[in-house]
Every structure is written in C-alpha cells, then in structure tokens.
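# Structure at a glance
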Amino acid sequence: MSDSLEWLKLGGNQLTSVPHLALRNFSRLRQLDLRGNLISKLDQHSFESYGKTLKFIFLQKNCIQTIEEGALDVLESAEWLYLHSNEMTELRYDTFKAVIDNLHVLDLHDNPYHCDCSILWFRDWLQARGQNVANLPRETRCNSTKELAQRPIVKLSNNSFVCSSSAPVDHPLTLLTLFLTILVFCMCR
C-alpha cells in the first residue's frame, strides 16, 4: 500500500504528533489530512522522508504552537497548507521560506499571533502577493500587545513597530560612533 497510497485522512484521531515514522515509506502521498487532532508542534522530522510529494496538507484545528525552523523545508510540492485554528503566536520567515512561493492556498487565520517586527515579512508578502494566496475569511489579526490587539496584520504600518537591527556591530566607524555617543552621554550626566 505504501507504493500506491496518495490520499490519507487521519483527522480526529487524537494524534499528538505527526506520525512521520509510520508514514516514512509512503513515497506517493499527495494529500495528508491531520485536522482536528492534538498535534502541538511540527519539528524537522514531521515530513522528513515522505513530504516531497505532498501537495495538500491539512493541519487545522490542532493545538500547534510551534513550527520549528526547517520543519516545512522538505515540502517542495506543497500547494495547499491549512494551519488555521491552532495556537501559533509566531510567523517567522525562516519557517515558511521554503514553501511560501509555491503555495496556492495558505490558511493561517484564527491563531493568537504576537505582532512584532518578526511578522512584518508576512504583512509585506500579503500586501505584495499573498492576498491572492492567503485565506483570510476573518482576517488574520494580532492578538497581543494592547496597541495592536485585533488589528488585521495586512493593515499594520511600519509605524506600528519600533524595529531595530539585530546585526552585530562590527564596522570600526560604527563602533567609534557608538563609543563617542556613550562617552558624550556619560559626560553630560
């Protein structure tokens, strides 16, 4: 059966993780339906040995809080990805970068997103291309920070955040400027 099975429905079975070991030999699997389970995390092994052929992935109505970086990387054929109605608070670019350009449908609504600078890539993608791909029936909204609560992510402005570079300061002129600024500040006190 593992050589011929293309559609597998495992929804509503109280699974707590993606059964990747049981699915490792399903080389032709195109649709995997895991909706309505108790899955809380997608890790690097979740789709490891069988995910290259998956086109339709249904993970909605689980308890997914975390998608580890690299967990979706093997999903090179993915076209439909349903992750709505979970417990995800983050949308990191590194998590979705491998699949984002191939998707025809991306459903991420009804998650309690923490809106900070790490979500700006998603807002930009939605504004540029994503509104044709992302399924936002109730609009994907921020759920944290008093100022942004219940605001649609697609309508956030750059002024909504104070984003600073996390790049290390390694340029000599930048270090000198930083040193002089600190020195002047200390002298003025």
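Note: the structure precedes this text.
Structure report, in brief. (Residues numbered from 1 in each chain as written. Predicted model: local features only at pLDDT ≥ 70, side-chain atom pairs only at ≥ 80, totals over all residues. Heavy atoms only, no water.)

### Re the nonpolar core
- Formed by 48 residues in total, the largest nonpolar core has its most connected members in Leu42, Phe47, Leu83, Phe96 and Phe122.
- Of the residues forming this core, the biggest block, 5 residues, is contributed by helix H3 (residues 120–128).
- When residues no more than four places from it in sequence are discounted, the contact partners of phenylalanine 122 are Leu91, Leu106, Leu108 and Ile153. (Core = buried A, V, L, I, M, F, W, Y, C linked by side-chain atoms within 4.5 Å. Buried < 20%, exposed > 50% of the residue type's maximum accessible area, 1.4 Å probe, protein only. Helix = DSSP H or I, 4+ residues; strand = E, 2+ residues; numbered from the N terminus. Contact = heavy atoms within 4.5 Å.)

### Let's talk about the sheet that holds strand S6 (residues 80–82)
- The 6 strands are arranged S1-S2-S4-S6-S7-S8 in an open sheet whose pairing can be described as parallel. Every other strand in the sheet has two partners, leaving strand S1 (7–9) and strand S8 (134–135) as the edge strands with one partner each.
- Relative to strand S4 (residues 56–58), strand S2 (residues 31–33) runs parallel, the two sharing 3 bridges. By the bridge assignment for S4, glutamine 31 is matched with phenylalanine 56. (Pairing = 2+ DSSP bridges.)

### Focus: the pattern of salt bridges
- Evaluation of the coordinates by the stated rule reveals 7 salt bridges.
- A salt bridge links glutamate 6 to arginine 28; the shortest N-O distance between them is 3.1 Å. Taken together, the residues glutamate 6 in the segment before S1 and arginine 28 in the loop between helix H1 (20–23) and S2 connect sequence positions 22 residues apart.
- Among the residues examined, glutamate 6 registers a relative accessible area of 25% and is labelled partly exposed.
- Arginine 35 is the salt-bridge partner of aspartate 33, the closest N and O atoms lying 2.9 Å from each other. (Salt bridge = Lys/Arg side-chain N within 4 Å of Asp/Glu carboxyl O.)

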